[in-house]
Structure formats: C-alpha cells, structure tokens
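Take a look at the letters that make up each chain.
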Amino acid sequence: MSFAAAMRYRFMKDLGAPALMAARRAMRKKRPSRPDPLFGPPLKSLARLKEIMMRHYFLARYAPGAHPVAWVTSGAPVELLRVFGFYTFYPENHGAMCGAAHMAPELCQAAEDHGYSQDLCSYARCDLGHYFTGKSPAGQLPKPDLLFASNNICQTVTYWFKALAHYYDIPLILFDTPFNFDQITESDLRYMAGQLEEMITPLQRISGVKFDQAKFLASLELGRATSETWGQVLQTMRHRPSPLTIFDTFFHMAPVVSLRGLPVAYDYYQTLLEELRDRVARGIGAVKLERKRLMWDNIAMWYKVRDFSNLFAEHGMNFVVATYTNAWAETIQYLDPDDPFRSLAKTYSLVILNNNLDHRLSLMERLIADYQVDGLVIHSARSCKPYSVGQYDLKRLLMERLAIPSVVIEADITDSRAYSEEQTRTRLEAFFEALED
Amino acid sequence: MSLFAGIDIGSLSTEAVIIDQQAAMVAAVILPTEAHSTKAAETALEAALEQAGARRPELARIVATGYGRVSVPFAHKAVTEITCHGAGAHHLFPGTGTVIDIGGQDSKVIRLGPGGKVVDFTMNDKCAAGTGRFLEVMAAKLGAGLDELGPLSRAARREVAISSVCTVFAESEVVSLVARNEPREDIIRGLHRAIVNRVWSMVRAVGVEGQVTMTGGVAKNSGVVELLEEKVGQPINVYREPQIVGALGAALLARDQARALG
Amino acid sequence: MTRKEYLQHQKTQRHRRVVGVLPALFPREILWAADAVPAEVWDPPLAVSRAGAHLQPYICSVVRQSLELILSGGADLVDALLFPHTCDSIQNMASVVHDYCGLDTPCLFFYHPKAPYTQHSRVYYRDQLQALLERLQELFGPAEPGALTAAVEMGQRMYRRLGEMYARRAGGNLGLGNEEFYRVLRRGEYLHPEDFIAELDQVLGRPAPAAAPPGPAVILSGVVPNPPGLLSQLDRLGVAVAHDDLLMGSRRIPSRLPAEGDPLDRLTESYFSLPPCSTRSNSLARRAAYLGQLVEQTGAAGVIFLIVKFCEPEYFDLPNLVEELKARGVPSLVLDTETNQPYDGRMATRVEAFIEMIG
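Residues numbered from 1 in each chain as written. Chains lettered and ligands numbered in written order. Predicted model: local features only at pLDDT ≥ 70, side-chain atom pairs only at ≥ 80, totals over all residues. Heavy atoms only, no water.

## What to know about the domain arrangement of chain B
Residues and elements named next belong to chain B. In plain terms, the rule: For the purposes of this description, domain bounds are those given by an automatic or database domain assignment. Contact between two residues is taken to exist if any of their heavy atoms lie within 4.5 Å; hydrogens are not considered. Buried area, as used here, totals the accessible surface that two parts lose on assembly, with accessibility defined by a 1.4 Å probe and the loss added over both. One side-chain nitrogen of Lys or Arg within 4 Å of one carboxyl oxygen of Asp or Glu is enough to make a salt bridge. By the criterion applied in these results, polar contacts are pairs of N or O atoms within 3.5 Å in which, for protein atoms, one can donate a hydrogen and the other can accept it, and in which residues neighboring in sequence qualify only through two side-chain atoms. Helix numbering and strand numbering both begin at the N terminus, where a helix is a DSSP run of H or I of at least 4 residues and a strand a DSSP run of E of at least 2.
Domain annotation of chain B identifies domain 1 (1–93 + 240–262) and domain 2 (98–238). Just the C-alpha atoms count here: the centres of domain 1 and domain 2 sit 26 Å apart. Facing 17 residues of domain 1, the contacting portion of domain 2 comprises 24 residues. Both faces considered, domain 1 and domain 2 share a buried interface measuring about 1,500 Å² in area, 72% of it formed by carbon and sulfur atoms. Three residues stand out in domain 1 for area buried against domain 2, namely Ile 82, Phe 93 and Pro 242, and they jointly supply 39% of the buried area on that side. Here domain 1 is connected to domain 2 by 0 salt bridges. Taken together, the connections running from domain 1 to domain 2 amount to 3 residue pairs in polar contact (both at pLDDT 80 or more). With 8 residues, helix H2 (residues 81–92) is the largest single contributor of residues to the side of domain 1 that touches domain 2.

Laid out in structure tokens, this is it:
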C-alpha cells in the first residue's frame with residue numbers, strides 16, 4: 001500500500017467526503033416538500049442513507065493503493081475481511097444500481113458483444129459490461145486486489161468471479177458452501193470452517209495485515225448486531241399500517257449488504273429503527289391507504305421499483321415482507337463468538353438460497369403468518385435460477401395450504417429488455433381483481 | 001463458350017447467376033422459392049439461361065448454395081452460402097474484409113482473408129431478432145411496405161427506444177407505441193436501431209477488417225445501412241442487387257473449380 | 001435390448017438395484033459397490049409437458065427433459081435417484097423432486113467441492129463418498145466385503161480402455177466413425193461395467209482402418225455430442241473428431257488411477273485428476289490450456305462448441321475459450337443446441353461452412 005495513496009484516502013475521507021455531503025445537503029434544502037397523495041411523509045433517515053452510500057462510492061475512487069480492495073459477493077462472510085482492512089465493493093449492489101439507473105441494457109449489450117450470452121445473469125453482464133467499457137452509474141469503480149466469493153447464493157458467482165479473476169489477473173478466494181439438501185452434516189461444517197481458517201494466510205499476504213483474533217471477534221459482533229438490527233427494522237413492518245414498504249427496504253438494505261461489519265451500518269440501522277418505532281407508535285403508514293398486505297419473492301426488478309411502488313400504492317396495497325430483504329437477518333441467530341468459524345459457516349450456509357425448498361416453503365408460511373400477508377407477488381427472474389426454479393411449486397403449494405392468491409411476473413432483475421410491460425400489466429390487473437374478491 | 005452458374009436457394013427467394021470465363025455476369029434472376037426447392041432451382045436456372053441467350057450444355061459447371069443446396073440434383077457441387085457470400089463480396093468489392101449478410105431467416109457476419117477466403121464467421125441464434133423476418137413482422141404491424149422502411153426511417157425526427165430484444169416482446173411494444181401515437185417514422189428508426197444492435201454483436205465477435213460489404217435483402221434498406229455505418233464508423237459497400245451476391249459467389253466458385261479440374 | 005429392457009433385466013435377473021443419475025460427475029464405483037447400476041439421464045427423447053409446470057422456459061433442456069422423464073414414470077423404474085451438484089438448475093430441480101413432487105423414490109444428493117481447491121476439498125470429497133456409500137447401504141442393505149475395492153478396480157479397467165479408445169482415435173488408429181464412437185461411449189451411461197468393458201474390448205479388438213478420413217480433424221467441446229445428426233454429417237464430410245472436451249466424455253476420464261491403497265483414497269485421487277470442467281469451476285487458464293493441448297496433440301484444425309442453450313457454467317467460460325483459441329490461431333464454431341433438437345439445415349450450414357473454412 002502506498003503512503004501517498006493512504007494520505008489521499010485519509011484526506012478524502014476526513015475532508016472531501018464531508019464537503020461533498022454538505023454541498024448536497026445545502027442543495028437539497030432549497031427544494032420545498034409537498035405532501036404526497038399516496039405515501040406517508042418521507043423518512044428522515046433516507047437522507048442519511050443516501051449520504052452513506054454516496055460516501056461509500058465516492059471513497060471507492062481513492063481506496064486503491066490506500067487499502068487492499070476486495071470485490072465481494074453479497075453472501076460472503078465479509079466479517080473476516082474486515083480484520084485485514086479491506087475496502088469492500090459489491091458488484092451485485094453495483095448491478096442493482098445499474099438496473100435502477102436504467103443503464104443495464106447498455107452494459108449487458110457490451111458484455112454480449114464480447115460473447116457473453118444474453119441468457120446469463122444480468123448482474124454479471126452489467127459487471128462485465130463495465131469491465132469492457134469502463135462505464136458505470138457510479139463513476140469509477142475501485143480496481144480490485146482480491147475477489148472474494150461464496151456460492152451460498154448461487155454457482156453463478158463462482159463462474160462470474162473466475163472470469164473477473166482471469167481479466168484482472170488477481171486471486172480468487174471461494175468460500176464453498178455445500179447445498180443443504182436434507183440437513184447440514186458434521187462433515188459439511190468441518191469443511192466450511194476449515195476453509196475459513198485456511199483463508200487467513202492468503203488474506204494476510206494480500207493485505208499485509210496480520211490476523212487479530214480480538215479484531216475478528218469485534219467484527220463478528222458488529223456484523224451480528226447489524227444483521228439483528230436489520231431484522232428488527234423489518235419486524236416493524238408487522239404493524240398495521242406498516243411504517244415501510246418493501247420498495248423502501250430494497251434501498252435501506254444497502255448498508256447491511258455492503259457495509260456489514262462496519263460501525264456505520266450498525267449506527268444507521270439504530271437511527272432508522274428509532275424513527276420507525278416512532279412512526280409505529282404514531283400510527284403513520286408508509287402507504288396512506290394500506291388495505292392489502294403483500295409479500296415479494298425474489299430479487300427486486302431494479303428498473304421498476306418506482307413504477308411498482310406507485311402502482312401498488314394506488315391500489316391500496318403495500319408490500320410488507322420479502323424473502324429477499326429477509327435473507328440478511330434470517331440466519332444470524334447461529335452466530336456464536338465461542339465457536340466463531342463453525343458458527344460463521346452455519347450462519348452463511350443456511351441462507352435461503354443455499355437451503356432446500358422445503359425450508360423455503362416453511363419460511364414463507366411463517367412470514368405470511370407473521371406479517372399478515374394477503375397476497376404474494378413472485379418475480380421469476382431469468383438471471384437468478386436458484387431463486388426462481390421451484391417458484392411455480394411454491395405458488396401452487398402456498399395456494400393449497402394457505403389459500404394465498406399469487407401472481408408470477410416473468411422478468412429480470414436489471415435487464416429491462418427481458419420485461420414486457422403489457423404482459424405484466426395484464427397479469428397484475430387479474431391479480432388485483434382476485435385480491436378484491 | 002463455357003459458362004458457369006450459381007444458384008442460391010433461400011427459404012423465401014431463389015437467385016440464379018450465370019458468368020462467363022472472364023467472370024462477367026451474363027444473367028441474374030430472382031424468383032420466389034415457393035414450396036419446392038428443386039423446382040425453384042430448375043425454374044431460376046432456365047430463366048437465367050433465357051436471359052443469357054444460352055443453352056444448358058454451355059454451362060460447364062453449376063454450384064448450388066443456400067438452404068436448398070442439397071436439393072439440386074443437377075448441381076455439380078453444393079457449397080454453403082457463407083463461403084459463397086464471401087466469394088461474391090470479394091469479387092464485387094476486392095477490398096472487403098468483413099461481410100454482413102442480413103437475410104430473411106438468418107443473418108451472418110463473415111471475415112475474409114486474402115483472396116476472399118473465409119477466416120471466421122458467425123450466425124444469429126434461433127431467435128429471429130436481428131433478421132429480415134423481425135423487420136417484416138414489425139412492418140406488417142405498422143402497415144408499411146418493406147421497401148418503405150428505409151425512407152421512412154431516414155425521415156424520422158426522433159428515435160423511439162425499443163427495449164425488447166425478443167420479436168414477440170418487441171411486437172407488443174410496437175403495438176403500445178402505436179397506441180400512444182408515436183410517429184411511425186420514429187418507431188421504425190427505433191426498430192432499425194434494435195436490429196443493428198443485434199447485428200453489431202455479431203460484427204464485434206468476428207471483428208471489422210478492411211472494407212465492409214453488406215449483402216442480403218435487408219441491405220436494400222437504407223435506414224439499416226445508415227445506422228450500421230454509424231456503428232462501423234466507415235461507409236459500407238452495397239451492390240445494387242444485394243440478394244444475388246450469394247449466387248454470384250457460387251458461380252465464381254464453379255468457375256474456379258472448373259479451372260482446377262482442368 | 002433397449003435401455004429400459006436392459007435395466008429391467010438387471011433388476012429381475014441379476015437382482016441389482018437401478019439408480020437414476022442426473023448429470024454429470026458422480027462416483028460410479030460407489031454405486032457399483034452397493035450392487036446398483038447407475039442409469040444416467042442426459043437427454044431422454046421426450047416432449048416436455050409435465051416439467052413445464054415446474055420449470056421456467058429459461059431452464060435448459062437437459063434439466064427439463066430429465067424432470068419430464070422422472071415425472072412420467074421414469075422414477076418408478078429406479079430404486080433411487082441421485083442428483084450430483086452440477087449447477088444451480090439441477091440443484092433446485094433436485095429439491096423440487098425431493099420436496100414437492102410427492103414421489104416415493106428415495107432422492108440422494110452428491111455435493112462435490114468447487115475449485116479453487118484447498119487442502120480441505122480432498123477431505124470433504126472423501127467424506128462425501130463415504131456418506132453416499134452409507135446412505136446406499138441403508139437403502140439397499142450392506143455391501144459385500146471387498147465390494148468397494150473390486151468396484152474401484154473395475155472402474156480403473158474401464159477408464160484404461162476408454163483412455164485407449166480416445167488415444168487410438170486421436171492417432172487415427174481406431175476403426176470407428178464419429179457417430180459410432182459416441183454410440184459406443186454412451187452405452188456406458190447405463191450398462192453394468194462388466195458388460196460395458198466387454199463391449200469396449202470388442203471395439204478395441206477390431207483392426208485399425210487402412211486410411212484416415214480425408215477431411216480436417218476437429219475437437220468437440222460442450223456437454224453432450226448432440227444432435228447426433230452432427231456426428232453423421234461430420235462422417236459424411238470426411239471429418240474426424242480427434243478428441244473431445246465433452247462433459248459426458250473426456251471430462252469424466254481421470255488421468256490418475258492409483259494402483260493400491262484405501263479405495264476411497266484412490267477414488268479421491270482419481271477425481272482430482274479429472275480434466276478441468278466448468279461444473280467444477282476450474283479456472284479459465286486451466287480450461288484453455290487443456291483445450292489447447294488437445295488441439296496441439298491431435299493436430300485438429302478447429303474446435304466445435306456444442307452448448308446446451310441456457311447452460312450457465314458452459315456459457316460463462318465460452319467467450320474466454322474462444323478468445324484463447326483465436327489467439328493460438330485455432331478457429332472455433334459455437335452451436336447453441338437443445339438436447340433433442342433435430343439437426344436442421346441452419347445448423348448443418350454452419351458446420352459445413354466451418355469445415356469449408358478450416359479444410
């Protein structure tokens with residue numbers, strides 16, 4: 001790591017970023033706010049969230065040379081990386097950003113121009129498209145020194161990150177988490193814990209920082225507390241009316257995904273939780289008229305979040321729970337500081353996408369009961385096979401067991417070219433009619 | 001006098017070209033293929049002979065190409081349209097390094113090496129996006145004739161973005177654009193952009209080298225050619241009858257083969 | 001005897017169990033040790049109707065057709081189903097079958113560690129072998145003493161013959177056309193090894209051909225050598241497939257066959273000597289080197305990639321492999337296929353044009 005780069009990063013962190021944020025705040029104050037006919041007043045925390053994420057992407061430019069930079073998958077045990085001072089960057093989060101900024105078709109096309117099939121995951125195509133063109137809605141991404149992946153969310157990330165390892169010519173560390181077909185075994189746990197312990201040596205070498213058990217435990221505790229608080233944030237949505245919509249949480253989840261194990265994420269959720277509890281106490285709902293409560297299955301359709309948010313609110317419907325946002329809170333209960341490696345392995349390998357469909361069905365049944373769900377919207381995402389294969393059965397079984405009406409939208413997470421407005425409209429209107437009966 | 005014939009039996013049309021020893025074209029005909037490819041080949045060849053004022057025995061060698069190439073019993077040899085389009089384009093525009101052929105059912109991009117030899121090529125996958133068929137479906141939806149597409153597209157003041165790559169999706173997108181009263185010209189230009197983006201992926205895969213020549217029926221669409229030229233960053237060669245380039249290539253190969261056989 | 005008749009015969013006359021196995025990498029020897037015949041399911045020739053109720057249209061034909069077979073009575077023929085952890089689609093299909101389809105057939109799962117490998121990968125792989133053997137014994141009763149070692153030996157005999165078949169083909173000394181070669185090879189997907197080895201011996205005993213085919217030689221890469229019409233077209237064009245990098249072919253033939261030791265250790269050693277594969281997540285550098293080496297050793301003039309549409313692991317590696325081959329001056333052709341797609345004019349044209357180009 002270079003001294004000049006470290007100084008520059010320090011400078012930007014202490015002075016540059018705060019100056020940028022102050023400038024943004026000053027600009028925002030000029031805009032008068034009007035009450036919205038559909039939604040409750042905006043959350044005060046939202047401004048803080050935007051600052052945090054903007055600062056994260058702003059500092060990304062100055063991180064290379066000052067910190068070792070790791071590109072990380074959303075389900076990787078990042079708590080371990082924190083010990084070594086890695087600046088972490090999440091290509092999946094960046095993919096979501098490309099989708100929300102409507103840049104995905106252009107970046108995907110660039111990857112397709114280089115021979116990547118249009119049937120591949122569009123997060124991966126956005127990322128590869130960025131590699132080939134240098135384009136990104138975030139300006140400039142920090143060049144990685146390490147790729148850190150876990151296949152607990154999909155095998156796709158292993159194929160994708162191995163392509164990145166090839167292009168950037170840097171090491172790839174994989175945390176291989178056997179799929180939980182029946183039940184997790186002693187051998188599975190030994191394998192996973194063994195890998196985590198073995199990673200320490202290459203991580204020390206790449207970062208130049210020695211492993212420190214106390215730091216590791218502190219990082220685990222911070223990660224645990226962050227996930228737990230995130231879980232509490234989601235739980236406020238059990239109230240009627242819910243103080244949040246799932247579309248809000250698609251953005252509020254950014255810190256627990258990208259900044260887990262850092263104080264800023266934990267602090268943010270504490271503030272958010274306080275504000276939400278206050279809203280619950282005062283009976284303020286995110287959607288003014290919350291007549292029906294819905295559940296979302298699968299990753300968001302990032303280019304449609306705003307449209308859908310309005311469309312459902314117009315019908316007096318609010319999404320109060322999603323299997324997706326819940327994933328970063330669900331398994332944190334397994335974490336045990338007395339047995340850090342094995343319990344970390346358990347926490348990360350039992351997440352929804354690495355677990356059998358029977359588990360998923362029970363989880364969804366529980367969430368439907370806990371959140372008093374009236375209907376289910378299933379996003380069948382071309383990009384994400386582990387999330388999507390089995391959804392048709394889930395739909396059928398939930399109808400059989402709980403008589404929950406549901407609708408399947410065939411679309412994609414970021415590539416709007418695989419989405420048909422007309423087909424979706426028709427399906428959703430039929431779903432709205434079914435819910436009103 | 002020795003003559004050489006090339007017959008290109010495509011799914012929609014059949015072309016026959018006759019050349020002489022000096023490779024000068026003495027006849028060129030385009031006929032619809034209809035249901036029977038052997039018959040189509042026969043009819044096209046007869047029409048070409050008539051145009052050339054020649055008789056069958058004067059033909060020293062016949063090469064068939066296109067999907068129906070194996071159904072031409074009187075051809076001496078069958079050669080794929082990739083090799084034939086390469087040979088034809090090289091003959092017409094000797095500086096050609098890349099051939100873009102957008103036909104009715106498929107499109108291909110061919111890289112040529114020295115002497116017009118094929119060194120690389122790619123074809124579209126089963127999906128119809130990026131073929132003449134895509135434009136045909138859309139033109140029908142918009143009530144425009146195929147030959148009107150080029151001028152209409154060039155008259156567009158704006159360009160409507162067509163986001164879907166799938167023909168079925170794009171069709172419903174076009175329907176809703178029409179419902180929103182978007183000008184037809186702007187939609188057509190958007191459709192041309194969509195097809196060019198698809199074809200560009202294939203061009204990118206084999207690379208641009210030297211001059212670029214476009215063949216196949218869609219090459220007559222000035223709107224597509226213009227947008228492709230923008231992408232390629234250089235003017236594109238288009239022969240006045242771009243559909244016959246494959247048959248011409250086949251005739252040229254017939255001549256080469258006859259020479260090699262002595 | 002058809003495949004179905006053969007398997008019935010194995011059950012009724014030889015009193016063996018039959019286990020339906022999904023693609024791709026699985027320890028056959030463990031099944032043999034439990035006196036079970038694996039019947040691999042890659043591309044059953046069925047029109048998909050039932051599977052469509054469980055799988056989205058963007059799932060590959062291997063998975064769709066396998067599920068169709070399972071749901072349309074295929075599961076009744078077998079004593080158990082084994083799902084190796086090949087990709088996300090097979091993983092979830094396994095869970096759909098196990099958790100949602102209400103079948104009585106026991107479902108087994110086999111996870112193999114993914115690269116980049118660490119020292120723990122081998123230990124884990126061995127554990128998985130052990131666990132699978134135990135599970136099969138729970139289902140089918142205890143294996144005979146020495147059965148595992150005998151199975152390992154039998155596997156090695158089979159791999160040696162397959163190795164010889166590949167080597168002789170590469171050298172132009174095997175009297176089999178392309179279509180016949182893969183027909184023989186693919187019988188190993190359901191024959192008991194004793195029968196399969198006998199067939200291989202018969203093939204290897206044939207006299208070498210007088211002359212090599214006149215056309216250029218090619219390498220096939222991909223999942224399965226489908227559609228079979230491609231192989232017969234290559235035969236007609238006088239083109240020899242000199243070697244393959246197929247998931248059902250050479251990617252399942254280990255290069256190390258340890259002579260002695262603990263049988264599970266021997267299987268583990270062999271497993272980690274397999275050629276690189278997308279489904280094991282081996283690095284692009286290794287895959288490119290392997291393909292390059294096949295081209296160099298056989299003097300092949302080009303590579304044909306047979307990609308099953310929607311196959312993520314293969315799709316992801318493809319652009320780099322094509323590029324690396326190009327850099328070495330080796331042309332390649334990519335064909336997007338569905339396992340039971342007829343060999344149509346479009347595909348034939350591409351193949352023929354490719355052969356015209358490299359010939």
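From this point, the narrative continues.
## Concerning the interface of chain A and chain B
For interface size, the figure often reported is the accessible area lost on association. Test applied: Any residue outside Ala, Val, Leu, Ile, Met, Phe, Trp, Tyr, Cys, Pro, Asp, Glu, Lys and Arg is labelled polar, Gly included; the first ten of those are nonpolar and the last four are charged.
Counting from both sides, the interface comprises 12 residues of chain A and, opposite them, 13 residues of chain B. In total, chain A and chain B occlude about 1,000 Å² of area from one another, counting both sides; carbon and sulfur atoms represent 43% of this. The tally of links between chain A and chain B comes to 0 salt bridges. On the surface where chain A and chain B come into contact, there are 6 residue pairs in polar contact (both at pLDDT 80 or more). Every element with two or more residues in the side of chain A that touches chain B is listed here: helix H5 (104–113) and helix H19 (421–436) of chain A. The element contributing the most residues to the side of chain A that touches chain B is H5(A), with 3 residues. Looking at the side of chain A that touches chain B residue by residue, the classes come out as 2 nonpolar, 6 polar and 4 charged.

## Looking at the interface of chain A and chain C
Every contact between the two is made by 57 residues of chain A and, on the other side, 52 residues of chain C. With both sides pooled, the region where chain A packs onto chain C buries about 4,600 Å², and carbon together with sulfur makes up 58% of that total. Among the residues of chain A in contact with chain C, A:Tyr159, A:Phe181 and A:Lys385 are the three that bury the most area, contributing 17% of the side total. Taking the shortest distance from any N to any O, the salt bridge between C:Lys309 and A:Asp119 comes out at 2.7 Å. Applying the counting criterion to the chain A and chain C interface returns 33 residue pairs in polar contact (both at pLDDT 80 or more). Among the secondary structure elements, those contributing two or more residues to the side of chain A that touches chain C are helix H6 (122–133), helix H7 (156–168), strand E4 (172–175), helix H8 (186–207), helix H16 (357–370), strand E7 (375–381), helix H17 (385–388) and helix H18 (391–402) of chain A. At 8 residues, the largest contribution of residues to the side of chain A that touches chain C is made by H7(A). For the side of chain A that touches chain C, the residue count by class is 25 nonpolar, 18 polar and 14 charged.

## Concerning the sheet that holds strand E5 (residues 77–78) of chain B
Residue and element names in this part refer to chain B. As a reminder, the rule being used: Here, a strand pair is defined by DSSP locating no fewer than two bridges between the strands. To get an axis, fit a line to the C-alpha atoms, keeping to the stretch in contact for a helix; angles then go from 0 to 180 degrees between the N-to-C directions.
Spatial strand order, E3-E2-E1-E4-E5: 5 strands in an open sheet with mixed pairing. Across the chains shown, the open sheet's two edge strands, defined by having one partner strand only, are strand E3 (25–32) and E5. Relative to E3, strand E2 (residues 13–19) runs antiparallel, the two sharing 7 bridges. Each residue of the ladder has a partner; that of Glu 15, found in E3, is Ile 30. Docked against the sheet, helix H1 (residues 37–52) engages strand E1 (3–9), E2, E3 and strand E4 (59–65), running at close to 145° with respect to E3.

## Details of the packing of aromatic side chains
Selection criterion: Two rings belonging to Phe, Tyr or Trp (six-membered ring only in the last case) form a pair when the distance between their centres is within 6.5 Å. Interplanar angles under 30 degrees mark stacking, angles over 60 mark edge-to-face geometry, and anything in between is tilted. Burial status follows relative accessibility: with a 1.4 Å probe on protein chains alone, a residue under 20% of its type maximum counts as buried, one over 50% as exposed, and anything between as partly exposed. Look at NZ for Lys and CZ for Arg. If either is within 6 Å of the ring centre and within 35 degrees of the ring normal, a charge sits over the ring.
Under the criterion given, the structure shown has 43 aromatic pairs over all chains. Taken together, a centroid distance of 5.6 Å and an interplanar angle of 55° make the contact between A:Phe211 and A:Phe216 tilted. Given the relative accessible area of 0%, A:Phe216 is considered buried. For the pair C:Tyr166 and C:Phe181, a centre-to-centre distance of 5.3 Å together with 85° between the ring planes defines the contact as edge-to-face. One end of the pair, C:Tyr166, is in helix H6 (residues 147–170); the other, C:Phe181, is in helix H7 (residues 178–187), and 15 residues separate them in sequence. By way of ring pairs, the aromatic residues A:Phe247, A:Phe250, A:Phe251, A:Trp296, A:Trp302, A:Phe308, A:Phe312, A:Phe319, A:Tyr324, A:Trp328, A:Phe431 and A:Phe432 are connected into one cluster. Stacked on the ring of B:Phe74, the Lys or Arg B:Arg56 has its end atom at 4.7 Å from the ring centre. Over the aromatic face of C:Phe310 sits the side chain of C:Lys309, whose NZ or CZ is 4.8 Å from the ring centroid.

## What about the pairing of E4(A)?
Residue and element names in this part refer to chain A. As a reminder, the rule being used: Note on handedness: a crossover is taken as right-handed if, strands pointing away from the viewer, the path from the first strand over the helix to the second is clockwise.
Across the two faces of E4 the burial is the same, with Leu 172 and Leu 174 and Ile 173 and Phe 175 all buried. Where strand E3 (residues 146–150) lies against E4, 4 bridges are found, and the strand directions are parallel. Looking at E4, one finds that Ala 149 is bridged to Leu 174. One crossover worth recording links E3 to the parallel E4 by way of H7, and it is right-handed.

## Observations concerning the pattern of salt bridges
Within the structure shown, the criterion is met by 68 salt bridges over all chains. Linking B:Lys108 and B:Asp101 is a salt bridge whose minimum nitrogen-to-oxygen distance equals 2.9 Å. Considered together, B:Lys108 and B:Asp101 belong to a single accessibility category, that of buried residues. One continuous salt-bridge network, built from bridges that share partners, spans A:Lys162, C:Asp245, C:Arg251, C:Arg287, C:Glu314 and C:Asp317.

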